[in-house]
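# Architecture at a glance
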Amino acid sequence: NISGALCISQAWPGMARTIYNDHKRFLETYLTPYPGFFFTGDGAYRTRKGYYQLTGRLDDIINISGHRLGTAEVEDVVNHHVAVAESAVIGYPHEIKGEGKMLNFLPLKHLAWGYGTAAGNGYTQETLAAELQELISKKIAKYAAPDYVQVMHAGCSSTLA
């Protein structure tokens, strides 16, 4: 089991050839970090059996009160919660902190939300949001807990990207 940067040994022409009006930046961003490989910008986790899981963008950073935090770090913690199917952390301008963060997540289908509680699990949207904020505070740091938690429901027209 190993985590790291996802790189490709031979990039094909349709992937990328340059950045418009900034070829030097293209070379520095995608070809220089890992000589001989094309750096995709994504992180990956490879299991002992050879399966890969994309862990998120390595360059997606939120600056909260001087702390640089990768969105993938927070998403990884949240995605290990039994009630979460997938998640996204989004930065937004914050008057005091510089940037704040909002967590959007999609609960697992078996957590069918009724009026206040998830079927048989005792979760309300509020208690689950509080539980996720506490989990992030413990696993990463207090400053990493999101300011807002938004529960998305299957079939919503919103996307998590």
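Residues numbered from 1 in each chain as written. Predicted model: local features only at pLDDT ≥ 70, side-chain atom pairs only at ≥ 80, totals over all residues. Heavy atoms only, no water.

### Overview of the overall build of the chain
Which entries qualify depends on this criterion: Only DSSP runs of H or I reaching four residues or more are called helices, and only runs of E reaching two or more are called strands; each is numbered from the N terminus. Classification of residues uses two cut-offs on accessible area relative to the type maximum, computed with a 1.4 Å probe and protein chains only: under 20% is buried, over 50% is exposed, and between them is partly exposed. Pairs of residues are marked as contacts when any of their non-hydrogen atoms sit within 4.5 Å.
For the chain, the count of helices and strands is 3 helices and 8 strands. Starting at the N terminus, the α and β elements of the chain follow one another as β-α-β-β-β-β-α-β-β-α-β. For the chain, the residues scored as buried account for 30% of the 161 residues in total. At a minimum sequence separation of 6, the contacts of the chain that also span at least 24 residues come to 50%.

### Quick word on the sheet that holds strand β2 (residues 38-46)
To be explicit about the condition: When DSSP locates at least two bridges between a pair of strands, those strands are taken to pair. For helices, the fitted line uses only the C-alpha atoms of the stretch in contact; every axis is such a line through C-alpha atoms, and the angle between N-to-C directions lies from 0 to 180 degrees.
Taken together, the 3 strands give an open sheet; going across it, the order is β1-β2-β3, and neighbouring strands pair in antiparallel fashion. With partners counted over all chains shown, the strands left at the sheet margins are β1 (2-8) and β3 (52-57), one partner each. Taken pair by pair, the neighbouring strands of this sheet meet at an average axis angle of 45 degrees, ignoring direction. Alignment of β1 against β2, held across 6 bridges, turns out to be antiparallel.

### Considerations on the pattern of salt bridges
Test applied: The term salt bridge refers to a side-chain nitrogen of Lys or Arg lying within 4 Å of a carboxyl oxygen of Asp or Glu.
Taken as a whole and assessed by the stated rule, the structure comprises 5 salt bridges. A salt bridge links E28 to K24, with the shortest nitrogen-to-oxygen separation between them at 3.7 Å. Here K24 and E28 lie together in helix α1 (residues 23-31), a separation of 4 residues that amounts to about one turn. For E28, a relative accessible area of 45% corresponds to the partly exposed category. The residue D147 makes a salt bridge to K97 at a minimum N-O spacing of 2.6 Å. A residue pair is termed long-range when its members are at least 10 positions apart, and D147 in the loop between α3 (125-139) and β8 (148-151) and K97 in the loop between β6 (84-94) and β7 (98-107) qualify at 50 residues. Given a relative accessible area of 28%, D147 falls into the partly exposed group.

### Brief notes about the side chain of T40
As a reminder of what qualifies: In the analysis that follows, any N or O atom pair within 3.5 Å is treated as a polar contact, provided that within protein one partner can donate a hydrogen and the other can accept it, and provided that, for residues neighboring in sequence, both atoms belong to side chains.
For T40, the position within the fold is in strand β2. At 2.8 Å, the side chain of T40 and the backbone oxygen of L6 are in polar contact. Discounting chain neighbours no more than four positions away, the residues touching T40 are L6, I8, Y30 and R57.

### A closer look at the confidence of the model for the chain
The test is simple: The pLDDT score gives, residue by residue, the confidence of the prediction method on a 0 to 100 scale.
Per-residue pLDDT for the chain has a mean of 80; in total, 83% of the residues score no lower than 70. Segment residues 112-120 is flagged for pLDDT under 50; beyond a separation of four residues in sequence, or across chains, it makes 18 contacts in the model.

### Re the environment of A145
Mapped onto the fold, A145 is located in the loop between α3 and β8. As for A145 and L135, which are separated by 10 residues in sequence, their C-alpha atoms are 8.3 Å apart. In this structure A145 touches K101, Q133, I136 and S137, once residues within four positions along its chain are discounted.

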